[in-house]
Amino acid sequence: MTGPTTGDEPGSVVPAAGEESGSSGPAADDPGSSGPAAGGSGPSVPAGGHSGPSAPSNGARRRGRPPRTASAGTRDRILDAAREEFSARGYEKTSVRGIAKSAGVDSALVHHYFGTKEQVFEAAVEGAFAPVLAARNTVLDAPLDEVGERMTRMIIGLWENPATRAPLLAIVRSAVNNETAAGVFRRLVASQLLRRIAGQIGRPDAELRAELAAAQLVGVAMIRYVIKVEPLASADSEQIIRRLAPVVQGHLTGD
């Protein structure tokens, strides 16, 4: 004899422990839940003759994975919400539940797409650094004596653009205040950018040189765009590039 459904039927997704489940059907011991007729030996059959795990009655929303056509948009919405939450609250005070609420989805769906909060942050970092990674070939393909200027122009350009500045701010603020977030940031920057630049330098201390060049750029970005110290915060970006690029080049190839 079959009893009331418990969420284990095919297509149903049971949320992680402690997370919200979005919508829910009647509980197993709910007097109003449908079950077999008293004394019957088989499953109850709703009006219309349909049986089995078909669409739920009473207008209840069936839980499970979203349609494939909606997946990309949902994932992007979650990432946008995550960047806003990390920017406003920092890594430690941001929660998966808060990200889900901001994105207008169930927290179980955030876990479905990304896993843990650290994995959500890593995906947000990768998304924010996508323009850097897309433009890195412009730097890497340059003659070695031009890498400093191209690297400086690329990084300052990303901070100057409001569309790319906001997610960068979220990442930097979180990385400064939390070691887990800092580790994610270091891992991505080191593997995707600095080691490739170091590979062009061809010296025993190439990695140190690349990291010093990056530190120069990150330091200027922190003072100009995060802390906003004057007069650097209001200086013309081309003036900054002209003064900064030779210093970055010196770290990369200088004696």
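Because the structure is a prediction, the values reported are computed rather than measured.

Caption draft 1: Main features of the overall build of the protein. Within the protein one finds 10 helices and zero strands. Secondary structure elements of the protein, listed N to C terminal, follow the sequence α-α-α-α-α-α-α-α-α-α. Among the 255 residues that make up the protein, the fraction classed as buried is 36%. Considering only contacts in the protein between residues 6 or more positions apart, those separated by 24 or more positions represent 69%. Summed over its atoms, the accessible surface of the protein is roughly 14,600 Å², and 53% of this surface lies on carbon and sulfur atoms.

Caption draft 2: Region of interest: the layout of surface pockets. Quantified by volume, the second largest pocket comes out at close to 510 Å³. Lining the second largest pocket are 24 residues, with Phe129, Phe185, Val189, Ala214 and Val218 sitting closest to its centre. Looking at side-chain class alone, the lining of the second largest pocket contains 22 nonpolar, no polar and two charged residues.

Caption draft 3: Broad picture of the side chain of asparagine 178. Following the sequence through the fold, asparagine 178 ends up in the loop between helix H7 (162-177) and helix H8 (179-201). The class for asparagine 178 is buried, based on a relative accessible area of 11%. Here the side chain of asparagine 178 touches glutamate 92 through a polar contact of 3.3 Å, side chain to side chain. One polar contact links the side chain of asparagine 178 to the main-chain amide nitrogen of threonine 180, over a distance of 2.9 Å.

Caption draft 4: Representation of helix H10 (residues 237-253) within the structure. In this model, H10 (17 residues) spans 24 Å end to end at C-alpha, consistent with the 24 Å of a helix rising 1.5 Å per residue. Of all bends in H10, the biggest is about 30°, found at leucine 244, and the proline proline 246 comes one to four residues later. Taken together, the buried positions of H10 are Ser237, Ile240, Ile241, Leu244, Ala245, Val248, Gln249 and Leu252. Elements that come into contact with the buried residues of H10 comprise helix H6 (147-160), H8 and helix H9 (206-227). The N-capping residue of H10, defined by a side-chain oxygen 3.1 Å from the backbone nitrogen of glutamate 238, is aspartate 236.

Caption draft 5: Representation of the packing of H8 against H9 in the model. At their nearest, the axes of H8 and H9 sit 8 Å apart, and the two run at 125° to each other. If you check the angle between H8 and H9, you find them oblique. Read as a crossing pair, H8 and H9 show a hand that is right-handed. Residues Leu194, Arg195, Ile197, Ala198 and Ile201 of H8 touch H9, and the partners they reach there are Ala206, Glu207, Arg209, Ala210, Glu211 and Ala214. For the contact of H8 with H9, a count of residues per class yields seven nonpolar, no polar and four charged.

Caption draft 6: Summary view of a nonpolar patch on the surface. On the surface, Ile223, Ile227 and Val229 cluster together into a nonpolar patch covering about 250 Å² of accessible area. Structurally, isoleucine 227 can be placed in helix H9. We classify isoleucine 227 as exposed; its relative accessible area is 56%.

Caption draft 7: Inspection of the packing of H6 against H10 at higher detail. Running from N to C, H6 and H10 cross one another at 135°; their axes reach a closest spacing of 7 Å. Considered as vectors, H6 and H10 are oriented oblique to each other. Read as a crossing pair, H6 and H10 show a hand that is right-handed. Taking contact as the criterion, the partners of Val147, Gly148, Glu149, Met151, Thr152, Arg153, Ile156 and Glu160 in H6 are, on H10, Ser237, Glu238, Ile240, Ile241, Leu244, Ala245, Val248, Gln249 and Leu252. Looking at side-chain class alone, the contact of H6 with H10 contains nine nonpolar, four polar and four charged residues.

Caption draft 8: Main features of the pattern of salt bridges. For the coordinates displayed, the defined rule picks out eight salt bridges. The shortest N-O distance in the salt bridge between arginine 153 and glutamate 238 comes to 2.8 Å. Remark: glutamate 238 occurs in helix H10 and arginine 153 occurs in helix H6; sequence separation between them is 85 residues. Here arginine 153 falls in the partly exposed class, since its relative accessible area comes to 36%. Its relative accessible area of 32% is what places glutamate 238 among the partly exposed residues. Salt bridges sharing common partners tie together Glu149, Arg153 and Glu238.

Caption draft 9: Quick look at the confidence of the model for the protein. Overall, the predicted model of the protein reaches an average pLDDT of 74, with 70% of residues at or above 70. Here helix H5 (residues 130-140) stands out as the element of the protein with the lowest mean pLDDT, 71, in contrast to H10, whose mean of 95 is the highest. Confidence over residues 1-69 falls short of pLDDT 50; this stretch has 55 contacts with residues more than four positions distant or in other chains.

Reading the values: the criteria
- Residues numbered from 1 in each chain as written.
- Predicted model: local features only at pLDDT ≥ 70, side-chain atom pairs only at ≥ 80, totals over all residues.
- Heavy atoms only, no water.
- Helix = DSSP H or I, 4+ residues; strand = E, 2+ residues; numbered from the N terminus.
- Buried < 20%, exposed > 50% of the residue type's maximum accessible area, 1.4 Å probe, protein only.
- Contact = heavy atoms within 4.5 Å.
- Areas by Shrake-Rupley, 256 points an atom, 1.4 Å probe, with all protein chains shown as cover.
- 1 Å grid on protein atoms, 1.4 Å probe; cavity = no way out; pocket = protein on both sides within 12 Å on 5 of 7 lines; lining within 4 Å.
- Points joined across faces, edges and corners; volume = space filled by probe spheres on them.
- Nonpolar A, V, L, I, M, F, W, Y, C, P; charged D, E, K, R; others polar.
- Polar contact = N/O pair within 3.5 Å; in protein donor to acceptor, adjacent residues only side chain to side chain.
- Expected span 1.5 Å × (residues − 1).
- Bend = angle between axes of the 7 residues up to and from the residue.
- Axes fitted to C-alpha atoms, helices over the stretch in contact; angles between N-to-C directions.
- Parallel < 35°, antiparallel > 145°, perpendicular 65-115°, else oblique.
- Left-handed = near helix turned anticlockwise from the far one by under 90°.
- Patch = residues over 30% accessible without salt bridge, like charges linked within 9 Å, V, L, I, M, F, W, Y side chains within 5 Å.
- Salt bridge = Lys/Arg side-chain N within 4 Å of Asp/Glu carboxyl O.
- pLDDT = per-residue confidence, 0-100.

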